[in-house]
Amino acid sequence: MISHVMRWVKERIQGRAFEAFQIEVTSRCNLHCVMCPKRALADQWTAQDLPWEAFQRIAAAFNQARHIHLQGWGEPLLHPRLTDMITVAKEAGCRVGLTTNGTLLGEATSHRLIQAGLDLIAVSIAGATRETHGSLRVGSDLSVILDNVRQCVAVRGQRRDRGPKVEISYLVTKTNIAELPKTVELVASLGVDELYAINLDYVVTPEQEDLKVFDCPGLRKTYSGILEAARETARRSRLAFRASPLESEEVAVCEENPLKILFVSADGWVSPCTYTGLAGRTDIPRRFQGRSVTVRRVRFGNVLDQDLLDIWNSPAYRTFRQEFETRRLELGARALLAVSGGEEISDMEMPPPPLPCLTCYKLYGL
C-alpha cells in the first residue's frame with residue numbers, strides 16, 4: 001500500500017503535465033456508419049493521414065504526457081505507420097491506446113500491435129446481432145469483428161506479461177439499446193476486460209439526433225430498466241461494465257478535460273478535443289437540443305508550423321483553458337459552501353464555458 005502511495009506522489013511531483021494527448025492518426029475510415037459525421041458530411045469530409053513529420057513533432061512532447069491515444073474520427077488501423085507510432089510513444093514512457101472498428105484487427109495485426117507495446121485496445125460494436133450491428137455500422141460484419149477480438153485476446157494470452165487491456169465500446173442508440181443485456185453475455189464470452197456503453201453525443205443531422213437515448217423523458221423508465229438488466233447480467237458474468245448517463249446535467253469541466261488533455265487532428269491542428277476539431281474544416285456543424293448550430297472550429301496552432309508546447313502555452317489557448325479553470329474553482333467553492341451550510345448551491349450561477357462548448361453535449365455530462 002505504501003509503495004503505491006509513494007509511486008502516486010512521485011508521479012505527481014516529478015509528473016507529466018498532461019493526462020493525455022489524443023492524436024487522430026487518420027480521418028479515413030473503411031465504414032459508413034449511420035451515426036458518424038463522416039456520413040453526414042459526405043463529400044465535405046476530408047480524408048487524410050497524419051503526416052509522419054507531424055507525428056514526430058508531437059512526439060517531441062511525449063515526455064510530458066502519461067497516455068497517448070491514437071484515434072480521432074477515422075480508423076487508426078488504416079495508417080501505414082501505426083505500429084511505429086506506438087513504438088515511439090512507448091519509448092517515451094507513455095501508455096498507449098487506440099479505438100478501432102475491429103474490421104482490420106485479425107491475428108497478424110494483433111501480434112504487431114501487442115509486440116509494439118500497446119496498452120489498451122478498444123473495439124467498437126453496435127449490436128448483439130449481425131443485423132442490428134450492420135444496420136448501424138454499415139460495411140462491417142459483427143461475426144468477423146468478434147472473431148478478430150477473440151484472436152486478439154488469444155494473442156495476448158500467449159504473452160508472459162498481462163498484455164494490453166481489451167475493451168468493447170458499445171454506442172447506444174434507440175435501435176440497439178434493447179440488445180445491451182444480450183451484448184453483455186456475448187462480450188463476457190470473449191474474455192475481454194470491460195464493456196462500456198456510450199452515448200451518441202455528437203450528431204449532425206436530425207435523423208442522427210433521433211437515435212440518441214439520453215434526455216428522452218417518455219422512454220427513461222424503459223431505458224433505465226434495460227441498463228439495470230445489463231448491469232445485473234454483467235455482475236453475474238463478472239464482467240466490468242459501465243454506461244453513460246441517461247439524463248444531462250451541466251458539469252464544470254467535461255470528461256474530455258481540456259485542462260489536461262489536448263487533441264491533434266489528422267491535418268495537424270491542435271484543439272481541445274475531437275468535438276471541437278474536424279480535419280479540413282473551419283466550422284463544426286452539430287445538432288443540440290433539437291436545433292442545428294454551427295460553431296467555429298477551435299484550433300490554436302498547427303504542429304507543422306509550431307512546437308506543440310508553444311501552441312499549448314499560447315495566449316489564446318491559455319484564455320480558453322482559464323474559462324474552464326474558473327468553473328472548476330467555482331465547483332470547489334460550491335462544495336465548501338455546502339459543507340459549511342452556506343448559500344444554497346442551486347442559487348449560485350456557474351461561470352460560462354467557452355462559447356463553442358455551450359452547445360456540446362459533453363458539457364452536460366453525457
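Some thoughts on the side chain of D119
Here comes step 1: Within the secondary structure, D119 sits in the loop between α5 (106-116) and β4 (120-125).
Here comes step 2: Relative accessible area serves as the criterion here: at 15%, D119 is assigned to the buried category.
Here comes step 3: Filtering out sequence-adjacent residues up to four positions away, D119 remains in contact with K90, C94, R95, V96, P164 and K165.

Observations concerning the sheet that holds strand β9 (residues 270-271)
Here comes step 1: Strand order in the open sheet formed by nine strands is β7-β6-β5-β4-β3-β2-β1-β8-β9, and the pairing between neighbours is mixed. Single-partner strands in this sheet number two, and they are β7 (240-243) and β9.
Here comes step 2: Note that strand β2 (residues 65-69) and strand β3 (residues 95-100) share three bridges and pair parallel. Directly across from I68, in β3, lies its bridge partner V96.

Overview of the packing of aromatic side chains
A ring pair, where both rings are aromatic, is described by two values, the distance of the centres and the angle of the planes.
Here comes step 1: Scanning all chains against the criterion turns up 15 aromatic pairs.
Here comes step 2: Taken together, the ring pairs in this structure connect F18, F21, W52, F55, F62, F300, W312, Y317, F320 and F324 into an aromatic cluster.
Here comes step 3: Lying over the aromatic face of Y317, R321 brings its terminal NZ or CZ to 4.9 Å of the ring centre.

Looking at the pattern of salt bridges
Here comes step 1: Considering all chains together, one arrives at 26 salt bridges under this definition.
Here comes step 2: Between R150 and D147 there is a salt bridge whose closest N-O contact spans 2.9 Å. Of this pair, R150 and D147 both sit in helix α7 (residues 142-157), three residues apart, which is roughly one turn of that helix.
Here comes step 3: For R150, a relative accessible area of 37% corresponds to the partly exposed category.
Here comes step 4: One network of salt bridges, with partners in common, ties together E228, R231, E232, R235 and R236.

Quick notes on the packing of helix α4 (residues 82-91) against α5
Here comes step 1: At a minimum axis distance of 8 Å, the contact between α4 and α5 shows a crossing angle of 20 degrees. Considering the angle they form, α4 stands roughly parallel to α5. Helix-helix and strand crossings are classified by hand; for α4 and α5 the assignment is right-handed. Packed against α4, whose contacting residues are L82, T83, I86, T87 and K90, the element α5 presents R112, L113 and A116 at the interface.
Here comes step 2: Classifying every residue of the contact of α4 with α5 by side-chain character gives four nonpolar, two polar and two charged.

Some words on unusual backbone geometry
If a residue is not glycine, its phi is most likely negative; likewise, a peptide bond is most likely trans.
Here comes step 1: You will see that A42, though not glycine, has its phi angle at about 50 degrees, which is positive.
Here comes step 2: In this structure, A42 sits in the loop between α2 (37-41) and α3 (52-59).
Here comes step 3: A residue is classified by how much of its surface remains accessible, and A42, at 46% relative accessible area, is partly exposed.

Quick look at the confidence of the model for the chain
If pLDDT is low for a region, its predicted coordinates should not be looked at in detail.
Here comes step 1: Per-residue confidence for the chain gives a mean pLDDT of 93; residues scoring 70 or more make up 94%.
Here comes step 2: A low-confidence stretch, residues 1-6 stays under pLDDT 50, and its non-local contacts, those more than four residues away or across chains, total zero contacts.
Here comes step 3: This stretch, residues 8-13, has a pLDDT under 50; its non-local contacts, to residues over four places away or in other chains, come to four contacts.

What to know about the nonpolar core
Here comes step 1: Grouped together as the largest cluster of nonpolar side chains are 81 residues, with contacts concentrated most on F21, I23, F62 and L70.
Here comes step 2: Ranked by the residues each element gives to this core, the list is headed by α7, at seven residues.
Here comes step 3: Here F21 is in contact with I58, A61, F62, A65, H67, I68, H69, L262 and L308, once residues within four sequence places are set aside.
Here comes step 4: Listed in part, the 11 residues of the second largest apolar core include W45, C273, I284 and V295.

Remarks on the pairing of β3
Remember that side chains alternate between the two faces of the sheet whenever the strand is regular.
Here comes step 1: Counting buried positions along β3 yields five of six residues, so the element is predominantly enclosed.
Here comes step 2: Tracing the backbone out of β2, into α4 and back to the parallel element β3 gives a crossover that is right-handed.
Here comes step 3: Sheet analysis places β3 next to β4, joined by four bridges and oriented parallel. Among the inter-strand pairings, G97 is bridged to a residue of β4, identified as L120.
Here comes step 4: Read as a crossover between parallel neighbours, the route from β3 over α5 to β4 is right-handed.

Rules used in this analysis
Residues numbered from 1 in each chain as written. Predicted model: local features only at pLDDT ≥ 70, side-chain atom pairs only at ≥ 80, totals over all residues. Heavy atoms only, no water. Helix = DSSP H or I, 4+ residues; strand = E, 2+ residues; numbered from the N terminus. Buried < 20%, exposed > 50% of the residue type's maximum accessible area, 1.4 Å probe, protein only. Contact = heavy atoms within 4.5 Å. Pairing = 2+ DSSP bridges. Phe/Tyr/Trp six-rings, centres within 6.5 Å; stacked < 30°, edge-to-face > 60°. Lys NZ or Arg CZ within 6 Å of the ring centre and 35° of its normal. Salt bridge = Lys/Arg side-chain N within 4 Å of Asp/Glu carboxyl O. Axes fitted to C-alpha atoms, helices over the stretch in contact; angles between N-to-C directions. Parallel < 35°, antiparallel > 145°, perpendicular 65-115°, else oblique. Left-handed = near helix turned anticlockwise from the far one by under 90°. Nonpolar A, V, L, I, M, F, W, Y, C, P; charged D, E, K, R; others polar. pLDDT = per-residue confidence, 0-100. Core = buried A, V, L, I, M, F, W, Y, C linked by side-chain atoms within 4.5 Å. Right-handed = clockwise from strand over helix to strand, strands pointing away.

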